[in-house]
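# Fold and contact review
Here are the chains, one letter per residue:
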Amino acid sequence: MFKTIVRKTNNEISAEAFQIMKEVVTSKQNPVLGLATGSSPIGLYKKMIEDHEKNGTSYKKCVTFNLDEYVGLPKNHEQSYYTFMYTNLFNHIDIPQENIHIPDGTAANEEQACKDYEDAMKKYTVDIQVLGIGSDGHIAFNEPGTPFTEETHLMKLTEQTRRDNARFFDGDINKVPMKAITQGLASIMRAKKIILIATGANKADAIRGMINGPKTIDCPASILQNHPDVTVIMDEAAAAKL
Ligand code: F6R
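Residues numbered from 1 in each chain as written. Predicted model: local features only at pLDDT ≥ 70, side-chain atom pairs only at ≥ 80, totals over all residues. Heavy atoms only, no water.

## Focus: unusual backbone geometry
The test is simple: Secondary structure elements follow DSSP: runs of H or I no shorter than four residues count as helices, runs of E no shorter than two count as strands, and numbering proceeds from the N terminus.
One non-glycine residue, Ala140, lies in positive phi territory at about 50°. The topology assignment puts Ala140 in the loop between strand S6 (128–131) and strand S7 (153–156). For Asp170, which is not a glycine, the phi torsion comes out positive at approximately 55°. Assignment of secondary structure puts Asp170 in the loop between helix H5 (159–165) and strand S8 (179–182).

Written as structure tokens, this is what we have:
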């Protein structure tokens, strides 16, 4: 079941997402947060940091699980999702380091790293999962064609995703890693509540496919039609084809 919220500016979109996040963070004893990287959640993370600094909202009792990580980038690489999360959020709030979970893209045994991550996740239930969406309808790095039943797994990135992400790698697609470790669609679906943030005209087809299209692995996000509590927060351009 989707609830859709359309707002004009990024600031308004982030404010809507933040309100939902804060309600979870402040109402649960030990909140479990599912977090995403990419441009979509940056405004939300800024609001979490501002609120932590101004109002003292604490993350000491939070546990986090990130969606995904590139394979082969060192943790301290400026484009690793590890670096992204520490730079854009974790360095600025009071979450204990041991409560943070990000898939290990540097593990020698990648399959084992996937299994270990899923096992760690299964000790918890994610209270709120933050998602972005790819222009091809991917969520996390579950590219079109990924079975809905997958748990954390290795994913070969599509040409389109690598092209979309080349902007972070000096515009050079050859510098974008070929693979990622990603939570699967089944892992994501276990979250109690999901917020998905999308902006820009290049997301309009994916948003339409997710909400109004058939439930198909060609649009991985369409699995969210089966989830009881998804709020999609977007701008007018992303909502244009609904
Ligand atoms: C990030 C992730 C990806 C992004 C998606 C949209 O952890 O899992 O699915 O959410 O590629 O990226 P942006 O927000 O940069 O448009």
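## Structural notes on the environment of Pro177
For the record, the criterion: We call two residues in contact when some of their heavy atoms are within 4.5 Å.
Here Pro177 shows up in the loop between H5 and S8. Once you skip the residues sitting within four places of it in the chain, Pro177 turns out to touch Tyr70, Val71, Leu73, Leu157, Arg162 and Phe169.

## Thoughts on the sheet that holds S7
For the record, the criterion: At least two bridges found by DSSP between two strands are what make those strands a pair. In this description, a line fitted to the C-alpha atoms serves as the axis of each element, helices being fitted only across the stretch in contact, and the angle between N-to-C directions of two axes falls anywhere from 0 to 180 degrees.
Strand order in the open sheet formed by three strands is S4-S8-S7, and the pairing between neighbours is antiparallel. With partners counted over all chains shown, the strands left at the sheet margins are strand S4 (68–70) and S7, one partner each. Neighbour-to-neighbour, the strand axes of this sheet turn through a mean angle of 25°, independent of strand direction. Judged from the four bridges that link them, S7 and S8 form a sheet pairing that is antiparallel. Counterpart to His153 in the pairing with S8 is Thr182.

## Quick word on the pairing of S6
Cut-off, in case you're wondering: With a 1.4 Å probe rolled over the protein chains alone, any residue whose accessible area is under 20% of its type maximum counts as buried; one over 50% counts as exposed, and the rest are partly exposed.
Alternating residues of S6 divide into Ile128 and Val130 and Gln129 and Leu131, and every residue in both groups is buried. Note that strand S2 (residues 32–35) and S6 share two bridges and pair parallel. Residue pairing across strands places Leu33 opposite Ile128, the latter belonging to S6. Inspection of the sheet shows S6 paired to strand S9 (residues 193–198) by four bridges, in the parallel sense. Within S9, the residue paired with Gln129 across the bridge is Ile194.

## Considerations on the side chain of Asn99
For clarity, the threshold we go by: For the purposes of these results, a polar contact is taken to be a pair of N or O atoms within 3.5 Å, where, inside protein, one atom must be able to donate a hydrogen and its partner to accept one; residues adjacent in sequence count only when each atom of the pair is a side-chain atom.
If you trace the backbone, Asn99 turns up in the loop between helix H3 (81–88) and strand S5 (100–101). There is a polar contact of 3.4 Å between the side chain of Asn99 and the backbone oxygen of Lys60.

## Thoughts on the site of the ligand
This is how it is decided: Near residues are defined by distance, with any heavy atom within 4 Å of the molecule or strand qualifying the residue. For every accessible area listed, the method is Shrake-Rupley and the probe measures 1.4 Å; residues are considered covered only by the protein chains on display. Lys, Arg, Asp and Glu make up the charged group, whereas Ala, Val, Leu, Ile, Met, Phe, Trp, Tyr, Cys and Pro make up the nonpolar group; the residues left over, Gly among them, are polar.
Around the ligand lies a shell of 14 residues, among which Ser40, Asp68, His138, Ala140 and Lys203 are the nearest. Between the ligand and Ser40 there is a distance of 2.5 Å, counted from an oxygen atom to a side-chain nitrogen or oxygen. In isolation the ligand has 410 Å² of accessible area, and contact with the protein removes 93% of it. Of the residues belonging to the shell around the ligand, the class tally is five nonpolar, six polar and three charged.

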